[in-house]
Each structure stands twice: as structure tokens, then as C-alpha cells.
2 protein chains.
Amino acid sequence: MIYPDLLQKLINFYKKLPGVGDKSAERMALATIELKAEDIKEFSKVLVDSKEKLKPCQICGQLTENDICHICSDDNRDKNLICVIEDYKSVFSFEKVGNYHGVYHVLNGLISPMDSIGPEDINISSLVKRVEALKNPELILALKSTIEGETTTLYIKKIFEKKDVTISRLSYGIPIGAEIDYLDIITLDKALEDRKRISE
Amino acid sequence: MIYPDLLQKLINFYKKLPGVGDKSAERMALATIELKAEDIKEFSKVLVDSKEKLKPCQICGQLTENDICHICSDDNRDKNLICVIEDYKSVFSFEKVGNYHGVYHVLNGLISPMDSIGPEDINISSLVKRVEALKNPELILALKSTIEGETTTLYIKKIFEKKDVTISRLSYGIPIGAEIDYLDIITLDKALEDRKRISE
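Conventions adopted
Residue numbers restart at each chain and count upward from 1, following the sequence in its written direction. Just so you know, chain letters begin at A and ligand numbers begin at 1, following the order they were written in. Restriction of local features to residues with pLDDT of at least 70 applies here, the model being predicted, together with a cutoff of 80 or more for giving and counting side-chain atom pairs; totals for whole chains, interfaces and linings are based on all residues. By convention in this description, side-chain values take in all heavy atoms of the structure and omit both hydrogens and water. In DSSP terms, a helix is any run of H or I states spanning at least four residues, a strand is any run of E spanning at least two, and both are numbered starting from the N terminus. Exposed residues in this analysis have more than 50% of their type's maximum accessible area, buried residues have under 20%, and partly exposed residues fall in between, with area computed by a 1.4 Å probe over protein chains only. Contacts were defined at the residue level, with two residues in contact if any of their heavy atoms lie within 4.5 Å. The buried area of a pairing is the accessible area, by a 1.4 Å probe, that goes missing from both parts when the two are put together, added over both. A side-chain nitrogen of Lys or Arg and a carboxyl oxygen of Asp or Glu constitute a salt bridge if their distance falls within 4 Å. Two N or O atoms form a polar contact when they lie within 3.5 Å of each other; inside protein one atom must be a possible hydrogen donor and the other a possible acceptor, and for residues adjacent in sequence the pair counts only when both atoms belong to side chains. Three classes are used: nonpolar for Ala, Val, Leu, Ile, Met, Phe, Trp, Tyr, Cys and Pro, charged for Asp, Glu, Lys and Arg, and polar for all others, with Gly counted as polar. Two strands pair if DSSP finds at least two bridges between them. Here is how to tell: hold the view so the strands point away, follow the path from the first strand over the helix to the second, and if it runs clockwise the crossover is right-handed. Note on geometry: axes are C-alpha line fits, over the in-contact stretch for helices, and angles between N-to-C directions span 0 to 180 degrees. Here a pair means two rings of Phe, Tyr or Trp (six-membered ring of Trp) with centres within 6.5 Å. Their orientation is stacked below 30 degrees between planes, edge-to-face above 60, and tilted elsewhere. Angle categories: roughly parallel below 35 degrees, roughly antiparallel above 145, roughly perpendicular from 65 to 115, and oblique for all the rest. What pLDDT reports is the predictor's confidence in each residue, on a scale of 0 through 100. Our arc is simply the arc of the directions from the helix axis toward the C-beta atoms.

**With respect to the overall build of chain A**
Inference 1: Counting its secondary structure elements, chain A contains seven helices and seven strands.
Inference 2: The linear arrangement of helices and strands in chain A, starting from the amino end, is α-α-α-β-β-β-α-β-α-β-α-β-α-β.
Inference 3: Judged by the C-alpha coordinates and their principal axes, chain A covers about 65 × 35 × 35 Å.
Inference 4: Of all 200 residues assigned to chain A, the portion counted as buried reaches 49%.
Inference 5: Across chain A, contacts joining residues at least 24 apart in sequence account for 53% of those joining residues at least 6 apart.

**A short note on the interface of chain A and chain B**
Inference 1: Each partner contributes residues to the interface: chain A has 53 residues there, and chain B has 51 residues.
Inference 2: Regarding the contact of chain A and chain B, the summed buried area is about 5,300 Å², with carbon and sulfur atoms giving 72% of it.
Inference 3: B:Lys96 is the salt-bridge partner of A:Glu26, the closest N and O atoms lying 2.5 Å from each other.
Inference 4: Linking chain A with chain B are 21 residue pairs in polar contact (both at pLDDT 80 or more).
Inference 5: For the side of chain A that touches chain B, the leading source of residues is helix α3 (residues 37–53) of chain A, giving 15 residues.
Inference 6: Broken down by class, the residue content of the side of chain A that touches chain B amounts to 28 nonpolar, five polar and 20 charged.

**Examining the pairing of strand β5 (residues 138–141) of chain B**
All names here are of chain B.
Inference 1: Strand direction decides the pairing type here: strand β3 (residues 78–85) and β5, joined by four bridges, are parallel. Bridge pairing in β5 links Cys83 to Ile140.
Inference 2: As judged from the four bridges shared by β5 and strand β6 (residues 166–169), these two strands associate in the parallel manner. Across the sheet, the residue bridging to Leu141 is Arg169, located in β6.
Inference 3: Read from β5 through helix α6 (residues 147–160) to β6, the crossover connection turns out right-handed.

**Considerations on the environment of A:Ile185**
Inference 1: Here A:Ile185 is to be found in helix α7 (residues 185–193).
Inference 2: In sequence terms A:Ile185 and A:Lys163 are 22 residues apart; their C-alpha atoms lie 33 Å from each other.

**Points about the sheet that holds β3(B)**
Residue and element names in this part refer to chain B.
Inference 1: Pairing is parallel in the open sheet, where four strands are placed in the order β4-β3-β5-β6. Since the sheet does not close on itself, it has two edges, and those belong to β4 (102–106) and β6, each with one partner. The average angle at which neighbouring strand axes cross in this sheet is 25 degrees, direction not considered.
Inference 2: Helix α4 (residues 89–97) rests against β3 and β4 of the sheet, and its axis sits at about 125 degrees to β3.

**Some words on the packing of aromatic side chains**
Inference 1: The full count for this structure, using the stated rule, is 17 aromatic pairs over all chains.
Inference 2: Their ring planes at 45 degrees and their centres at 6.1 Å tell us that A:Phe94 and A:Tyr104 sit as a pair that is tilted. Of the two residues, A:Phe94 is situated in helix α4 (residues 89–97) and A:Tyr104 in strand β4 (residues 102–106); the sequence distance between them amounts to ten residues.
Inference 3: Measuring from ring centre to ring centre gives 5.2 Å for A:Tyr100 and A:Tyr104, while their planes differ by 55 degrees; the resulting arrangement is tilted. Each member of the pair, A:Tyr100 as well as A:Tyr104, is classed as buried.
Inference 4: One aromatic cluster in this structure is built from A:Phe13, A:Tyr14, A:Phe43, B:Phe13, B:Tyr14 and B:Phe43.

**A word on the packing of α4(A) against α7(A)**
Residue and element names in this part refer to chain A.
Inference 1: One can describe the packing of α4 onto α7 by two numbers: an axis separation of 9 Å at closest approach and a directional angle of 85 degrees. Here α4 lies roughly perpendicular to α7, going by the angle between them. Here Ser93, Phe94, Lys96 and Val97 of α4 lie close against α7, whose contacting residues are Ile185, Leu188, Asp189 and Leu192.

**Describing the confidence of the model for chain A**
Residues and elements named next belong to chain A.
Inference 1: On average, residues of chain A score 89 in pLDDT, and 96% of them reach the 70 mark or higher.
Inference 2: Element-level mean pLDDT values for chain A span from 72 in strand β7 (residues 196–197) up to 96 in β4.
Inference 3: Quick note on the complex model: pTM equals 0.75, ipTM equals 0.77.

**Concerning helix α5 (residues 125–132) of chain A**
Each full turn of the α-helix corresponds to 3.6 residues, which orients residues three or four apart in the same direction.
All names here are of chain A.
Inference 1: Residues of α5 that are buried: Leu127, Val128, Arg130 and Val131. Summarising the axial view, the buried residues of α5 lie within an arc of 160 degrees, below the 170-degree limit, and thus occupy one face. Turned more than 90 degrees off the buried face of α5, the exposed positions are Ser125, Lys129 and Glu132.
Inference 2: Check the buried side of α5 and you find it contacts β3 (78–85), β4, β5 (138–141) and α6 (147–160).

This is the structure in C-alpha cells:
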């Protein structure tokens, strides 16, 4: 036994987080017990609250503490411009760009026949419902350039192609194979600006 | 506002930890809310407990959940061999080596006239009391080789020099595996000074 039991438990928790190895976990645990007691109590509460209270927005599916997220309930956002994303994490990347004035739709997955994930397993029907209530909407399909991403893009394009919906995708400023969540904001900004209409 | 409020608070906490920047804090916060609710509740409890319950051992000063730490209460440890260290973190380094069978004494600081830290401000009187109760004890002074470390080492050596106490310090020298060509000259000088005769 190298560490006191409680310290070992702290270290074990930190090791569950991405990019944290033995040495970092020890440093983080030791730094933790040197924080102010009030900070630790506050963090302890935030931990439990964030797990319990952060839920998908009932409109777009991004994380929120309320029923409707702050983006969907913002009157300055263009509700006719919907950026379709694989998961809620992409919202933070786009919001950091700071240039996007539309709203989002979180699919919560991609169509993947290999993994038996069909269109009915991801949030496509709710997207169709949203779009039907709009006039001349534009969908920006911001999905990654894997087989699953392309399949999903094509599937969504097909649904809307005979309707009065502009469909675009992010431009190929995105490096092939890169995760949208970890892109630098300049590339992401360019990709937004250069988005391409998906033509027949 | 890029993140929901609770997520931002999680990120802010992680950013207080050493070596965690914006990007890592975001990744860690997102990974946190994807952990199981029971793991998070457990962690939340461990956080508060570790701050409240980890206290200095009444004998050696290292962190423990009890009055006396598991090392001081271990009958297999040599109580006559005391490794004197600046802070409790060094205990973990020595325990990882796994080869040390003595006990510890945490000074909780070093003598530093520049910072108005005198011998009475660190745990020296408790060390004197411990040593007086022992027969032929050995003290290993494992303090760093700064002015403060050297001053403290000399001060402790002086206290015990006329008593029946063996005083040693860690050897200085070349770290295992290091290239001699790239060593700093002070280390090399020490390694020359502390050279060991190669015995038959």
C-alpha cells in the first residue's frame, strides 16, 4: 500500500479520465486535497448535479440544464438554418468559432449497417418534423467523412431532395479522418464559410 | 456562453489541477458526465472525505485517515531508521521503490531565513523527541540540494552530532541511464566528490 486509501480512490477516479496516466493522476489527487474545502464541496456538488441535471434539449438534442437549450431559445438565432451534427460535443466546437448564427440538430449517432444502426436509431424523424415546420430552411450536414458519415449525409439528402430545403455540407477544409471535436477553430470557420450545396 | 453552466463549472474545476489546460479540461468534463452515475456519486463522496479525513500522522506527519499511519504502525518497519523529508509527497516516491524498511519524518518545510522560516516553524522538535526515545538510531536526511535544504540538513546534523545518532544523506550522483556528456556540471562535480571505491 503506497497511498492512504482515500488518496488511492481519488487517483483511481482521475485515471478514468482521458489522457490521465498514473503520474498525472497522482499529481492531480495531491493537488485536489490541497484545494480549499469549500472548492471541493462545490465541485462535489457540481459533479452529481451535472450528471443528474444535464439532459438533451427537447428541440435540438444538445446538453442543457433546462427543457430547451439556450441556443434554441435565443431569438437572435436563425431557426431556418440547422447544422446537423453527430453528437452534442460538436456544438461546443461550432460555438467557439462564434460565427454561426443558426441552430443545431444532434443526430446522436450515424447510420451504420455494420453495427446495425439504422435511420430509426438516430434522431432523423425529429429532424424531419422540425424541417417540415419551417419555410425555406437550410440544413448544413456537418458529419465526418467516414463511410457512416457519408451514408448518413446521403440518406438525409434523399429525404429532403424533393422538398424546398437547401442542403449543404461543410467544405473539404476538414482533414479526412479528423474528429470534428478536436479541429482548430480557423479550419472549422473556413469549413462553415465554404460549405457546399449538395447537388444532384 | 459556449457550455451549459454545470459543464462550465466542471471544466473550471479541472483547470485548477496541475497540467490541465482548456482543451484537456473540456475533454475531462465531457468524459466525466459520461461515467456511470454511481461512479460519480462515489467520487463526489471520496472528494469531500479525502479533504476532511486525511490528516498528518501523529508520529511521522505523513497523510493518513487514522491517528497513526500504516507505516508507523507496521511492526515490520525499523523504527530506528528514520528518513527525514520535506513534505509527505516524498513518502510515496520512497514507498514505490519498495526497498526501504525504515520509517519517515515529515518536516513540513525547510529552514529559510529569506522567507522567515526558522527551525521552530518546521517539525524539528518532534524529530528530536522521537530520536531521544530510540537506541542507536539512524537519520537519513533526504532533503533537496538547495540552500534551504542544505541549511536544514546542517542544522539537524548539528543537533545530533554529539549524541549517539548516525546521520546520513542520500548520495548525489549520476542518474541511472543518464548520458555523462549531457549532465549539468554541478551534478558531475558531486558525482566525482561522492565517488565510490570499486571494491573487490
